[in-house]
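Single-letter residue listing:
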Amino acid sequence: METKRITEAKWSHGNTIPVRNVQALVESAAELTAEAIEQYIRPAMVDDKVALGDCDTESIPVIDLGKHLDAQSSQQEAARLKSACEEWGFFQVKNHGIPDTVLENMRNNLESFFRLPLNKKNEFAQLPGDLQGYGQAFVESKYQTLDWCDRLYLVTQPPHDREMRPWPTTPVNFRESIESYSSEVMKVTRSLMEIITKNLGTELDKIGDTFVSQALRMTYYPACPVAHDKVLGISPHSDISTLTLVWELNMVEGLQIKRQGVWMPIKPKPNALVVNVGDFLECLYVDIDKWEVPEH
């Protein structure tokens, strides 16, 4: 599940063509034919290299947010965060302070939502011209290659920007879980941005409008039983955000980043968040040339 911080969003002007539900396609063995998944098959990318067993995935920086509360360790950890942003554009955060109950409630409700019958999930589907809701986003042509996933996409912060129609009411306390999770993630983002702005030699209040907006993208990636090595859950991209925080609910090692021309798998750590430096934050740095914002 991804949480994005953005400076400007025109959520009501998306142009998405409705496409078939991937989860339903997988569950219908009779309809899971080569023709049915043809639009999801990606052309071979011969120039891409993938780091496999010899990749030291532990080298992905890990930031201990709890150490920033300790005067003796905060300066050293701030330097580690600065290096992670400049050298990787990607890191994991542990001891972030989000209560276990908030994460567990969110996990249970999200899993329950995706187990609902399709007609129930479609009660919260995207409407024409809107990116929010259940479905797929940014499908602009019947000829484009599609992502092998279904997602629920919501604008969550600030509260006055919310459109409540696509917020699921099933399970019954799902909206409450989204609210709690959204609020806690905003706290983590503020903590990170306070350190990052100090590293930039400025103050958070001076760039406050770069992270006050938030959107949640809750994504389900079913296994593809007939062409698992030819489909991708999400197309390679960089994020139009300040920070993107990713919470991997089931610890599956599906996320990869492209660094120095090589796709590297990320091994998620228990109870940690994966953080990606977005395009907006890259632009805040004075020496942009030293930044690397990886595709993922």
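A short tour of the structure in this document, coming up. Model, not experiment: these values are computed from the prediction.

Each value, and the rule that gives it
Residues numbered from 1 in each chain as written. Predicted model: local features only at pLDDT ≥ 70, side-chain atom pairs only at ≥ 80, totals over all residues. Heavy atoms only, no water. Helix = DSSP H or I, 4+ residues; strand = E, 2+ residues; numbered from the N terminus. Buried < 20%, exposed > 50% of the residue type's maximum accessible area, 1.4 Å probe, protein only. Contact = heavy atoms within 4.5 Å. Phe/Tyr/Trp six-rings, centres within 6.5 Å; stacked < 30°, edge-to-face > 60°. Core = buried A, V, L, I, M, F, W, Y, C linked by side-chain atoms within 4.5 Å. Right-handed = clockwise from strand over helix to strand, strands pointing away. Axes fitted to C-alpha atoms, helices over the stretch in contact; angles between N-to-C directions. Parallel < 35°, antiparallel > 145°, perpendicular 65-115°, else oblique. Left-handed = near helix turned anticlockwise from the far one by under 90°. Nonpolar A, V, L, I, M, F, W, Y, C, P; charged D, E, K, R; others polar.

## Describing the overall build of the protein chain
Along the protein chain, the regular secondary structure elements total six helices and eleven strands. With 296 residues in all, the protein chain has 49% of them scored as buried. Summarising the internal contacts of the protein chain: among those between residues at least 6 apart in sequence, 75% fall at separations of at least 24.

## Describing the packing of aromatic side chains
Taken as a whole, this structure holds eight aromatic pairs when the rule is applied. Centroid distance F113 to F174: 5.8 Å. Interplanar angle 45 degrees. Geometry classified as tilted. In this pair, F113 sits in helix α3 (residues 100-114) while F174 sits in helix α5 (residues 174-199), placing the two residues 61 residues apart along the sequence. The buried category is assigned to F113, whose relative accessible area is 0%. Residue F174 is classed as buried on the basis of its relative accessible area, which comes to 0%.

## Describing the nonpolar core
Within the largest apolar cluster, 42 residues are counted, with the highest numbers of intra-cluster contacts made by F91, M106, Y181, L192 and M218. Elements with a minimum of two residues in this core: α2 (71-87), β4 (90-94), α3, β6 (150-157), α5, β7 (213-220), β8 (243-246) and β11 (273-277). Of the residues forming this core, the biggest block, nine residues, is contributed by α5. Each residue touching M106, except ones within four places of it in the same chain, is listed here: M1, F174, S177, I178, Y181, L216, M218 and W247. Of all hydrophobic cores here, the second largest spans eleven residues; its members include I37, V139, L146 and W148.

## What to know about the pairing of β4
β4 sits mainly inside the fold: four of its five residues count as buried. Each parallel crossover has a hand, and the one from strand β3 (residues 62-64) via α2 to β4 is right-handed.

## With respect to the packing of α3 against α5
Packed helices, taken two at a time, are described by the angle between their axes plus the distance between the axes. Two elements in contact, α3 and α5, have axes separated by 9 Å at closest approach and are oriented at 135 degrees. Regarding the angle of α3 to α5, the classification is oblique. Crossing of α3 against α5: the hand is left-handed. Seen from α3, the contacting residues are V102, L103, N105, M106, N109, L110 and F113; seen from α5, they are F174, S177, I178, S180, Y181 and E184. In the contact of α3 with α5, the residues fall into eight nonpolar, four polar and one charged.

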